[in-house]
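Observations on the model geometry
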Amino acid sequence: MEPSRGRAAAALLSESLPGRRRRDGEGARGAPEPTQQGSSWAKRLLGFEWADVSSWHRFICLLNRPTDPASLGVFRFLFGLLMALDIPQERGLSYLDHKYLDGLEVCRFPLINFLEPLPLDWMYLLYAVMLLGALGIMLGCCYRLSCLLFMLPYWYVFLLDKTAWNNHSYLYGLLGFQLTFMDANRYWSIDGLRHPRKRNAHVPLWNYTVLRMQIFIVYFIAGIKKLDADWVEGYSMGSLSRHWLFDPFKLVLSEEMTSLLVVHGGGLMLDLTAGYLLFFDATRPAALVFVSYFHCMNSQLFSIGMFSYTMLATSPLFCSPDWPRRLGARFPACLRRLLPSMEPPQPSEACVYGGSKRKGRSRGERGPGLRQKLGALFTVLYVLEQLFLPYSHFITQVFTQSRRWKDHADMLKQYATCLSRLLHNYNVSQPEIYFDIWVSINDRFQQRLFDPQVDIVRAEWSPFRHTPWLKPLLVNLSPWRAKLQEIESSLDNQTEVVFIADFPGLHLENFVSEDLGNTSLQLLKGEVVVEIVKEQRNYTLQEGDRMQLPPGEYHKVHTVSPEPSCYMYVYVNTTDVALERNLTQLQELRDKVKNGSETEPLPPELQPILDGALGDAMQTDPVVQAFVRRQQRLEELQRRRNATLRERLQRFAARKYFLFRRSFLMTCISLRNLALGRPSLEHLAREVAYANMQQEAGAAGMEGVQKEPERAEL
């Protein structure tokens, strides 16, 4: 069952993927076996014969074929390291006290309503156990126990808060679950040093098959999700092409074409094809280059923690399992002693060897035992479940991991129930709670997400039934997006526009602030009745009609047409216009003083525009305050953009140092509290203040600097 030299390619079920070089006829232990004179196209392409999957018994033998543990051991080390770095950051160890402070009455969104967070000190202990498990996985120390110590707290924390769900956090939990059943401690592990039988021993092929299939699904399902019209037409990530990472593409393409072809088209094609391209000899080198470039870009574009680096760590799993040995063999002899073993792996009881013999006793043709059968069954069931789960919404009626609480029906129901319970503390009994939430999805009209006439506290909701008070996305109005962009581009810089679509029988109540001069409403589609509340007068608008709205008054827009109505507000924010004019005048005055063209001395109230010192903020003119703060933000932005690589690295290192420092100190404080009891509040406050201490240059974030949006599907 061992492959011969010249094998062209292998895929999910191949023991040694394409590119692996073995001596002709080399068997599991290095003993010579008869060389195959010819190989079928299936073996050359897939790495196994069709006969290997012709029966359940043969399939079990194939999945338990002895495979080099080196690549799996390296992935285990990298995954454990990345999870240890992830826990203080995206898992929230550094700000755990902000989220789970004892006595804090807030609404939470667990998957199951009875799930509750532990007391704060116990939450820190739970995170410490999870971190200990991640380190144990990395080192391969007490491997099974370490996997459990990481996986169980991880899933508890994950299920405790649906608002923090995203695709990659779900993936981490799945990888931790898979590793629990694998023999990933057979290479480069402390367990191997302690137990000679585990040291550098073969692992069953299914260990690689499950991981490869998981990563294939990550790419392919992400590509399938991108086949919707929003992504294909370039609306999902419309502003991403403005990022500096896409500047090389904009040398030959416009920003719009860069967004359409590179951001959307390139992302779609990469996700659809990456899993396939990684499997085959001829395409794998190019695939490794493209996926590596893709994940490196994502690490700079989005705030997604360790996800990009975790995906980079999975890419070598598609290469020959012995690539770490061949890479280590290229190092000088003096360094090889510091690297893991370069010797061929020893046999393992977990694998099926056919007619080979094992040390010390004859095995004959040992067939697969219960362990091998369970491993094959786990592989099949797990892969089928992962392929089925993304399309299981016809069962649950819930789009898992889609959006946050404000527009997710199950979380809105939880929020309303929580609010009704908390309102009892304020002598409000049997409250009725209605939500009128509007959102514009991918440059469409703003529309309602929920029926504002339904009391959500008493509304029915079930994951197995359709939610009647959840409003549908008005996809039939998507063709309007080009027209809306045309209207926006035709307006001057001082005029704003808001596009609204509403359902028949509903109305929008709005207030026109006196700051919004010349506010008008124009009907684009359908029929509406505009009610001026103070005047108690109604005006009917047909398609194309337009009317001025009185400032400082309420009005209601009733949709009376049988189909959804579409209209737009056009207005000028006179306050913003006046402020911008004043700021421009201050900027001109500041420039004149600096270049010497202004000879008159500045009055005291304008002095801050030169020195930037606000002094007594209560006495400083608000326009001067706004000007000074804007200048400070612009100067800080310019300073950061012009920072040298060394300064950027120092700032990054300082930020991470204080984040990990706070995580460590707060964990120590909580563990001390559990062991010895809590000290006085004054003493505890001093300890927390010390944990919060940061250098001025290491303060996290900068006010006024916007981050790029997080990518929903990767």
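About the cut-offs
Residues numbered from 1 in each chain as written. Predicted model: local features only at pLDDT ≥ 70, side-chain atom pairs only at ≥ 80, totals over all residues. Heavy atoms only, no water. Disulfide = S-S within 2.5 Å. Helix = DSSP H or I, 4+ residues; strand = E, 2+ residues; numbered from the N terminus. Buried < 20%, exposed > 50% of the residue type's maximum accessible area, 1.4 Å probe, protein only. UniProt positions renumbered as here; feature names shortened; annotations may be inferred. Pairing = 2+ DSSP bridges. Expected span 1.5 Å × (residues − 1). Contact = heavy atoms within 4.5 Å. Phe/Tyr/Trp six-rings, centres within 6.5 Å; stacked < 30°, edge-to-face > 60°. Axes fitted to C-alpha atoms, helices over the stretch in contact; angles between N-to-C directions. Parallel < 35°, antiparallel > 145°, perpendicular 65-115°, else oblique. Nonpolar A, V, L, I, M, F, W, Y, C, P; charged D, E, K, R; others polar.

The subject of this paragraph is the state of the cysteines. Counted by the stated rule, this structure contains 1 disulfide. Bridging C107 to C418, the disulfide has an S-S length of 2.1 Å. An S-S torsion of about -90 degrees defines the bridge between C107 and C418 as left-handed. Of the two residues, C107 is situated in the loop between α4 (96–99) and α5 (120–139) and C418 in helix α18 (residues 409–423); the sequence distance between them amounts to 311 residues. Its relative accessible area of 18% is what places C107 among the buried residues.

Looking at where I437 falls in the secondary structure, it is placed in the loop between α18 and β3 (438–440). Note on I437: relative accessible area 15%, which makes it buried. Considering only alpha carbons, one finds I437 and R448, 11 residues apart in sequence, at a separation of 5.6 Å.

Quick look at the UniProt feature "transmembrane region" (unreviewed entry) in the protein chain now. Per the UniProt entry, the sites bearing "transmembrane region" (unreviewed entry) are residues 124–157, 169–185, 205–224, 257–279 and 286–312 in this numbering. Secondary structure content for residues 205–224 is 95% helix and 0% strand, and the end C-alpha separation is 28 Å. End C-alpha to end C-alpha, residues 286–312 measures 14 Å, and it is 81% helix and 0% strand.

A word on the pairing of strand β8 (residues 528–532). Within β8, 4 of the 5 residues are buried, which leaves the element mostly enclosed by the surrounding structure. Pairing between β8 and strand β9 (residues 537–541): 5 bridges, direction antiparallel. If you follow I532 over to β9, its bridge partner there is R537. Following β8, the chain reverses through 4 residues before pairing antiparallel with β9; Q536 in that reversal takes a positive phi of roughly 55 degrees.

What follows concerns helix α11 (residues 255–277). In this model α11 runs just 29 Å from its N-terminal to its C-terminal C-alpha over 23 residues, more than 12% under the 33 Å that 1.5 Å per residue would give. All of the buried residues in α11 are T258, S259, V262, V263, H264, G267, L268, L270, D271, L272, A274 and G275. Those residues of α11 hidden inside the fold are in contact with α9 (206–225), α10 (229–232) and α12 (284–301).

Let's shift gears to the packing of aromatic side chains. Per the counting criterion, the structure on display carries 30 aromatic pairs. Ring geometry for W56 and F59: centres 5.9 Å apart, planes at 35 degrees, overall tilted. One end of the pair is W56 and the other is F59, both in helix α2 (residues 56–63) and 3 residues apart, which spans about a single turn. A centroid spacing of 5.6 Å and a plane angle of 10 degrees characterise the contact between F216 and F220, whose relative ring orientation is stacked. Of this pair, F216 and F220 both sit in helix α9, 4 residues apart, which is roughly one turn of that helix. Residue classification places F216 among the buried residues on the basis of a relative accessible area of 11%.

Two quantities define a packed helix pair, namely the angle between the helix axes and the distance between the axes. In contact at an axis separation of 12 Å, helix α7 (residues 167–181) and helix α16 (residues 370–388) are set at 170 degrees when each is read in the N-to-C sense. Viewed along their axes, α7 and α16 adopt a mutual orientation that is roughly antiparallel. Contacts from Y170, L174, F177, Q178 and F181 in α7 reach F378, Y382 and Q386 in α16. Of the residues contributing to the contact of α7 with α16, the split by class is 6 nonpolar, 2 polar and no charged.

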